[in-house]
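# Inside the fold
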Amino acid sequence: MIKLSKSCLSESEKENVLKVLDKEYLGMGIEVQNFENALSDFFQSTAVCVVNGTCAIQLALNACGITIGDEVIVPSLTYVASFQAISSTGAKPVPCDINETDCNIDIEMLESLINSRTKAIMPVHYSGDPCNLTAIYIIAEKYNLRVIEDAAHAFGSFYDGKKIGSFGDIVCFSFDGIKNITSGEGGCVVTNDKKIIDFIKDARLLGVEKDTENRFIGKRTWIFDVIKQGWRYHMSDIMAAIGIAQLARFPALSSKRKILAKKYDQLLVDNKFITIFKRNYNNIVPHIYVVLLPENANREYIQNILLKQNIQSGIHYFPNHLLSLYKKNIVKTPLITEKLFPRLLTLPLHPDLSEVDVEKIVSELLNIFNINTSWKVPH
Ligand SMILES: *Cc1c(COP(=O)(O)O)cnc(C)c1O
């Protein structure tokens, strides 16, 4: 079976985990500190680790004081994690449309959605391709808004010659099992804003003040004060041990993702059935490889045929403004998101695939269109 995505692990992750197990201390300690230091080096900014990407986003919002009555503008075409993180704070996720060309947030509509309740913009770097951050930061400055980048797909990507996370306001990453690097589950918040970092360091440990510092030197805080709501969101040393090994392997992991995406592009460019998104994989580390099917394509049929050939495929994502919880939030309709959604198809992409696998996937996909017309939606 050719998997859509998977964790790609080597001996070094296993060795690192065994070393932690041998220490018989599995909680948050020196490994988390080492991982945070390595990430801070990588981003040339400060990284603080948490138990997943969703709570990284939630804590970033909390740290900005975003709460009930506030609005956060977010593209509808994203993982439901972005929306749930916003609504968990009591704020309202306001769905914004995307560009047809790259599936990233539509800047014009974004600005039109801003009102007195708007507190933040949450761009999502879809597939790893950065949004128009120049325009987003100009708008944020103009209306005095925070920017919380959902960079779950974009670990290692560059925008305008700069690494995502190395600049900007607050940038959140995910290290779940299939992301560009993994720590099992896990995530981090990256920012130069010391107030945000200090808030999150306490908030991830139930609001216990300065407990992070003590745990990093093998101590606990017994007598403490709590002045704000916190959560049990810290990362464990086992997770950090996996993350450290993955970060060391990132040059190889990322270049493999780029090579495979370029291979897909090369095989599919100018195809009469499949439309590719034009992305520059010299600057992007792709998390997913998404194509557009013909307008009248029966996606379910196509996915089933691929599966019969032992090829998994995916759909990223069901538009969030059509979910029961969020459909009342829609401001403008219909969106390009809805027009594009039925045509989106995600093809397998992970570092353990080979270029020969990509050739097989593309040839099986194109076969479906060449053999007969049952790939069309029946009239
Ligand atoms: C993976 C992902 C997240 C959340 O990350 P978890 O670590 O799974 O909680 C958020 N946003 C997007 C777009 C993602 O793909």
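For the structure itself, look to the data block above.
Fair warning: this is a prediction, and the values are worked out from it, not measured in the lab.

## So, the overall build of the chain
The secondary structure content of the chain amounts to 13 helices and 12 strands. Here the chain has a C-alpha radius of gyration of 21 Å; the compact-globule value for 379 residues is 21 Å, and the two agree. When its C-alpha atoms are laid out on the principal axes, the chain stretches across 75 × 55 × 35 Å. Considering only intrachain contacts with a sequence separation of at least 6, the fraction spanning at least 24 residues in the chain is 70%. For the chain, the computed accessible surface area is about 16,400 Å², with 53% contributed by carbon and sulfur atoms.

## Quick notes on the pairing of strand β11 (residues 289-292)
Covered by surrounding structure in β11 are Tyr289 and Val291 together with Val290 and Leu292, the residues of both alternating faces. In this sheet, β11 lies alongside strand β10 (residues 275-276) in antiparallel orientation, the contact comprising 2 bridges. Bridging across to β11, Thr275 finds its partner in Leu292. Sheet topology note: the β11/strand β12 (residues 344-347) ladder contains 4 bridges and is antiparallel. Its bridge partner being in β12, Leu292 is matched across the sheet by Leu344.

## Some remarks on the side chain of Lys179
On the secondary structure map, Lys179 appears in the loop between β8 (170-174) and β9 (187-191). Those residues in contact with Lys179 that lie beyond four places of it in its chain are Ala152, His153, Ser174, Arg257 and His287.

## Some words on the sheet that holds β8
As summarised here, the arrangement of the 7 strands in space is β1-β9-β8-β5-β4-β2-β3, forming an open sheet in which the pairing is mixed. Taken across any chain shown, the strands that pair with only one partner, and hence form the sheet edges, are β1 (46-50) and β3 (92-96). The sheet shows a mean angle of 25° between the axes of neighbouring strands, taken without regard to direction. Looking at chain direction, strand β4 (residues 118-121) and strand β5 (residues 146-150) are connected through 2 bridges and run parallel. Opposite Ile121, over in β5, you have Val147 as the bridge partner. Seen against the sheet, helix α6 (residues 133-143) touches β4 and β5 and runs at an angle of roughly 150° to β5.

## What about the environment of Thr134?
Following the sequence through the fold, Thr134 ends up in helix α6. Through-space distance from the C-alpha of Thr134 to that of Ile98 is 16 Å; in sequence the pair is 36 residues apart.

## Brief notes about the sheet that holds β10
Spatial strand order, β10-β11-β12: 3 strands in an open sheet with antiparallel pairing. The outermost strands of the open sheet, each flanked by one partner alone, are β10 and β12. On top of the sheet, helix α10 (residues 250-268) reaches β10, β11 and β12; it is set at about 20° to β11, its chief contact.

## Some points on a nonpolar patch on the surface
Side chains of Leu18, Leu21 and Leu26 sit close together on the surface and give an oily, nonpolar patch of about 260 Å² of accessible area. As for its placement among the helices and strands, Leu18 is situated in helix α1 (residues 11-23).

## Quick notes on helix α3 (residues 53-63)
Of all 11 residues making up α3, 10 are buried, and the element is well covered by its neighbours. Of the residues flanking the start of α3, the one acting as N-cap is Asn52, its side-chain oxygen 3.1 Å from the backbone nitrogen of Thr54. Gly65 lies just past α3 and shows a positive phi near 75°.

## Section: the site of the ligand
Around the ligand, the structure places 16 residues, and the nearest of them are Gly53, Thr54, Asp150, Ser174 and Lys179. At a separation of 2.9 Å, an oxygen atom of the ligand approaches a polar side-chain atom of His153. A distance of 2.7 Å is found between an oxygen atom of the ligand and a side-chain nitrogen or oxygen belonging to Ser174. About the coverage of the ligand: the protein hides 94% of its 380 Å² of free accessible area. If you list the elements that add at least two residues to the shell around the ligand, you get α3 and α4 (80-88). Split by residue class, the shell around the ligand holds 5 nonpolar, 8 polar and 3 charged.

## A look at the packing of α3 against helix α7 (residues 194-203)
As a packed pair, α3 and α7 sit with axes 9 Å apart at the nearest point and diverge in direction by 120°. The angle between α3 and α7 falls in the class oblique. The interaxial crossing formed by α3 with α7 has right-handed handedness. Here Leu59, Ala60, Asn62 and Ala63 of α3 come into contact with α7, specifically with Ile196, Phe199, Ile200 and Ala203.

## Structural notes on the state of the cysteines
The full count for this structure, using the stated rule, is 0 disulfides. For the unlinked cysteine Cys49, the closest cysteine sulfur is that of Cys188, found at 5.4 Å. Of all cysteine sulfurs, the one in Cys172 lies closest to Cys55, which takes part in no disulfide; the gap is 9.6 Å. A residue is classified by how much of its surface remains accessible, and Cys55, at 3% relative accessible area, is buried.

About the cut-offs
- Residues numbered from 1 in each chain as written.
- Predicted model: local features only at pLDDT ≥ 70, side-chain atom pairs only at ≥ 80, totals over all residues.
- Heavy atoms only, no water.
- Helix = DSSP H or I, 4+ residues; strand = E, 2+ residues; numbered from the N terminus.
- Rg over C-alpha atoms; globule rule 2.2 N^0.38 Å.
- Contact = heavy atoms within 4.5 Å.
- Areas by Shrake-Rupley, 256 points an atom, 1.4 Å probe, with all protein chains shown as cover.
- Buried < 20%, exposed > 50% of the residue type's maximum accessible area, 1.4 Å probe, protein only.
- Pairing = 2+ DSSP bridges.
- Axes fitted to C-alpha atoms, helices over the stretch in contact; angles between N-to-C directions.
- Patch = residues over 30% accessible without salt bridge, like charges linked within 9 Å, V, L, I, M, F, W, Y side chains within 5 Å.
- Salt bridge = Lys/Arg side-chain N within 4 Å of Asp/Glu carboxyl O.
- Polar contact = N/O pair within 3.5 Å; in protein donor to acceptor, adjacent residues only side chain to side chain.
- Near = heavy atom within 4 Å.
- Nonpolar A, V, L, I, M, F, W, Y, C, P; charged D, E, K, R; others polar.
- Parallel < 35°, antiparallel > 145°, perpendicular 65-115°, else oblique.
- Left-handed = near helix turned anticlockwise from the far one by under 90°.
- Disulfide = S-S within 2.5 Å.

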